[in-house]
Amino acid sequence: MRIGIVDDSAEDRKLVRMEMERCLESSGMEPAEYNEYDSGDDFLSTFEAGMFDLIFLDICMDDASGIDTGLGIRKTDRNVRIVFITSSNDYAAESYQVRAAHYLLKPHTFAQFHEMFLELLPARQQPPEESFVNLPDGSRVACGDIVFTEYYNHYVYFHLCGTQEVRRVYMSQREIEKLLCERQGFASCSRGIIVNFDKIRRFTDTVLYLQDGSGVPVSRRRLRAVKDAYAEYMYLP
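Calculation criteria
- Residues numbered from 1 in each chain as written.
- Predicted model: local features only at pLDDT ≥ 70, side-chain atom pairs only at ≥ 80, totals over all residues.
- Heavy atoms only, no water.
- Helix = DSSP H or I, 4+ residues; strand = E, 2+ residues; numbered from the N terminus.
- Buried < 20%, exposed > 50% of the residue type's maximum accessible area, 1.4 Å probe, protein only.
- Lys, Arg positive; Asp, Glu negative; His and termini not counted.
- Salt bridge = Lys/Arg side-chain N within 4 Å of Asp/Glu carboxyl O.
- Contact = heavy atoms within 4.5 Å.
- Axes fitted to C-alpha atoms, helices over the stretch in contact; angles between N-to-C directions.
- Parallel < 35°, antiparallel > 145°, perpendicular 65-115°, else oblique.
- Left-handed = near helix turned anticlockwise from the far one by under 90°.
- Nonpolar A, V, L, I, M, F, W, Y, C, P; charged D, E, K, R; others polar.
- Patch = residues over 30% accessible without salt bridge, like charges linked within 9 Å, V, L, I, M, F, W, Y side chains within 5 Å.
- Areas by Shrake-Rupley, 256 points an atom, 1.4 Å probe, with all protein chains shown as cover.
- Charge placed at Lys NZ, Arg CZ, Asp CG, Glu CD.
- Pairing = 2+ DSSP bridges.
- Core = buried A, V, L, I, M, F, W, Y, C linked by side-chain atoms within 4.5 Å.

A few points about the side chain of Glu19
(1) Moving on: Checked against the element boundaries, Glu19 lands in helix H1 (residues 10–26).
(2) Moving on: Here Glu19 occupies a buried position and makes no salt bridge, while the nearest side chain of opposite charge, Arg22, is found at 6.2 Å.
(3) Moving on: Residues within four places of Glu19 in sequence aside, it is in contact with His108, Thr109, Phe110 and Phe113.

What follows is the structure in structure tokens.
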């Protein structure tokens, strides 16, 4: 996927890119190629039809507005998907002239961004149901977002990647082991803790160090089984 991000705020461009990377990773999709622009004029000076699959446009910019930029895009490319991201909802009517695929207000949550992402995916690219686990409280969580889970006092705590808050769900350790450990890529490394193999950075004989900088204990009696399962998983075709 080729993605263009047009926003005069470097911080907001970085946020959109990080959120897209998280969405693609959690959906099991290939990483995207990104091009960033700090103005509509800069973007239009190099834009060609078919250059991008998706374009994020800030509406309120110092030079050409996102609406003007969008109209310029449509003169050249009638098919590329455009998402307006703006701090004001005063431009919703104008966005219809550009045939925007989505309109997202600042500030937004990652959940809102992820919902938008799922709506934009073609049916053939929708993440399969097995990439999620359905939880007893009726919610679900993307397997790719799980770093590790921890059971304590009748609750399972889901430690998730990025800046997502820890989620607490009332359920037993046996329930979460049935949901996760029967899948490739998850294993119980010590009593009450399940780790996602994709998030492991390195092993010691007592600790698994994870990509987010945290570490979880691995019990002596499970160490060999966890190492063997991890090695087998890493060499899966």
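So, the packing of H1 against helix H5 (residues 110–120)
(1) Moving on: Interaxial distance between H1 and H5 falls to 10 Å at its minimum, and their mutual angle equals 60°. When the axes of H1 and H5 are compared, the pair comes out oblique. The two elements H1 and H5 meet at a crossing, and its hand is right-handed. Packed against H1, whose contacting residues are Val16, Glu19, Met20, Arg22, Cys23, Leu24 and Ser26, the element H5 presents Phe110, Phe113, His114 and Phe117 at the interface.
(2) Moving on: For the contact of H1 with H5, the class distribution of residues is 7 nonpolar, 2 polar and 2 charged.

Focus: a negative patch on the surface
(1) Moving on: Taken together, the side chains of Asp8, Asp38, Asp41, Asp42, Asp62 and Asp63 define an acidic patch exposed on the protein surface.
(2) Moving on: Within the secondary structure, Asp41 sits in helix H2 (residues 40–44).

Examining the sheet that holds strand E8 (residues 146–152)
(1) Moving on: Pairing in this open sheet of 5 strands is antiparallel, and the strands run E10-E9-E8-E12-E11 from one edge to the other. Of all the strands in the sheet, just strand E10 (167–170) and strand E11 (186–190) have a single pairing partner and so form its edges. Within the sheet, the average angular offset between the axes of one strand and its neighbour, ignoring direction, is 25°.
(2) Moving on: As paired strands, E8 and strand E12 (residues 193–196) are joined by 3 bridges and run antiparallel to one another. The residue of E12 that forms the bridge with Glu150 is Ile193.
(3) Moving on: The sheet contacts of helix H6 (residues 173–180) involve E8, strand E9 (155–160), E11 and E12, and relative to E12 the element is tilted by about 20°.

Focus: the nonpolar core
(1) Moving on: Counting residues in each nonpolar core, the largest one holds 21 residues, and the members touching the most others are Ile3, Met20, Phe56, Phe113 and Phe117.
(2) Moving on: Looking at this core, the elements with two or more residues in it are strand E1 (2–6), H1, strand E3 (54–58), strand E4 (81–86) and H5.
(3) Moving on: At 6 residues, the largest contribution of residues to this core is made by H5.
(4) Moving on: When residues no more than four places from it in sequence are discounted, the contact partners of Met20 are Met1, Ile3, Tyr34, Leu54, Phe56, Phe113 and Phe117.

These figures come from the coordinates and say nothing about function on their own.
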